[in-house]
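Report on the structure
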Amino acid sequence: MDIETLPTAKVRFAGDPVAVVVATSRYRAEDAAAMVRVDYEPLEPLLDAAASLDGRAPLVDEALSSNVVFHERYSAGDIPAAFARADRVVRARFSHSA
């Protein structure tokens, strides 16, 4: 799988870097950066992380088979027995955007 350092065909999120400027001074870099122009074609936004996993959502990266990039599960000991002995069990779902 080829991985792009900068997107060349599709920008996937607001703030995705699209250009790099290298110059011999800060002033030249700022002048060069001011000349960068990018034409964007709007994509359908996906605003719900849970909906992005249902298989009908557009893929963020067409090189992958789904929008799940990483999944890991951890467990230790006899979890069902620990729940059965617990005075209270709290269930929650946590997520973050990285």
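Note: the structure precedes this text.
Structure report, in brief. Note that the structure is a prediction, hence the values are computed from the model and not measured.

**Points about the overall build of the protein chain**
Secondary structure assignment for the protein chain yields two helices and zero strands. Against the compact-globule benchmark of 13 Å for 98 residues, the protein chain has a radius of gyration of 22 Å, which places it well outside the compact range. When the backbone C-alpha atoms are referred to their principal axes, the protein chain occupies close to 65 × 35 × 25 Å. Partitioning the contacts of the protein chain with sequence separation of at least 6, the portion at a separation of at least 24 is 26%.

**A few points about a nonpolar patch on the surface**
Taken together, Val21, Val36, Val38 and Tyr40 make up a surface patch of nonpolar side chains, about 320 Å² in accessible area. The topology assignment puts Val38 in the loop between α1 (26-34) and α2 (79-85).

**Thoughts on the environment of Ala57**
Residue position: Ala57 is located in the loop between α1 and α2. Since its relative accessible area comes to 15%, Ala57 is described here as buried. As for Ala57 and His71, which are separated by 14 residues in sequence, their C-alpha atoms are 18 Å apart. Excluding its chain neighbours within four sequence positions, the residues that come into contact with Ala57 are Leu46, Ala51, Ser52 and Asn67.

**Regarding the side chain of Ser52**
Along the chain, the position of Ser52 falls in the loop between α1 and α2. Beyond its immediate sequence surroundings of up to four residues, Ser52 is in contact with Leu46, Ala57 and Asn67.

**Some points on the side chain of Asn67**
The residue Asn67 is located in the loop between α1 and α2 in this model. For Asn67, the side chain forms a polar contact with the main-chain oxygen of Ser52, separated by 3.0 Å. Here the side chain of Asn67 touches Pro58 through a polar contact of 3.1 Å, landing on its backbone oxygen. Leaving out residues up to four positions away in the same chain, Asn67 has contacts with Leu46, Ser52, Leu53, Ala57, Pro58, Leu59 and Val60.

**Some thoughts on the environment of Ser65**
Topologically, Ser65 is positioned in the loop between α1 and α2. The exposure class assigned to Ser65 is exposed, which follows from its relative accessible area of 75%. C-alpha of Ser65 to C-alpha of Gly55: the two residues are ten residues apart in sequence and 9.6 Å apart in space.

**Observations regarding the pattern of salt bridges**
When the charged atoms of two side chains lie near each other, side chains of opposite charge can form a pair. This structure, assessed with the given rule, holds four salt bridges. Asp61 is the partner of Arg12 in a salt bridge, and the nearest nitrogen-oxygen pair spans 3.7 Å. You can see Arg12 sitting in the segment before α1 and its partner Asp61 sitting in the loop between α1 and α2, a full 49 residues away along the chain. Residue class for Arg12 comes out partly exposed when judged on its relative accessible area of 32%. The partner of Arg56 in a salt bridge is Asp54, and the shortest N-O contact between them spans 2.9 Å.

Criteria and thresholds
- Sequence order sets the numbering: in each chain, residues are counted from 1 along the sequence as written.
- Two thresholds apply to this predicted model, a pLDDT of at least 70 for residue-level local features and 80 or more for giving and counting side-chain atom pairs, whereas whole-chain, interface and lining totals are computed over all residues.
- Note that the side-chain values use all heavy atoms of the structure and ignore hydrogens as well as water.
- Secondary structure elements are defined from DSSP: runs of H or I of at least 4 residues count as helices, runs of E of at least 2 residues count as strands, and each element is numbered from the N terminus.
- We take the radius of gyration over the C-alpha atoms and set the globule estimate at 2.2 Å times the residue count to the 0.38 power.
- In this description, contact between two residues means that some pair of their heavy atoms is separated by no more than 4.5 Å.
- Residues qualify for a patch when their relative accessible area is over 30% and they have no salt bridge, like charges being joined within 9 Å and the nonpolar side chains of Val, Leu, Ile, Met, Phe, Trp and Tyr within 5 Å.
- Per-residue accessibility takes into account occlusion by the displayed protein chains alone, with areas from the Shrake-Rupley method and a 1.4 Å probe.
- We define a salt bridge as a side-chain nitrogen of Lys or Arg found within 4 Å of a carboxyl oxygen belonging to Asp or Glu.
- Type-normalised accessible area, obtained with a 1.4 Å probe on protein chains alone, sets the label of each residue: buried when under 20%, exposed when over 50%, and partly exposed for intermediate values.
- The term polar contact refers here to a pair of N or O atoms within 3.5 Å; inside protein, the definition further demands a hydrogen-donor-capable atom paired with an acceptor-capable atom, and it admits residues adjacent in sequence only when both atoms are side-chain atoms.

None of this, on its own, says anything about what the molecule does.
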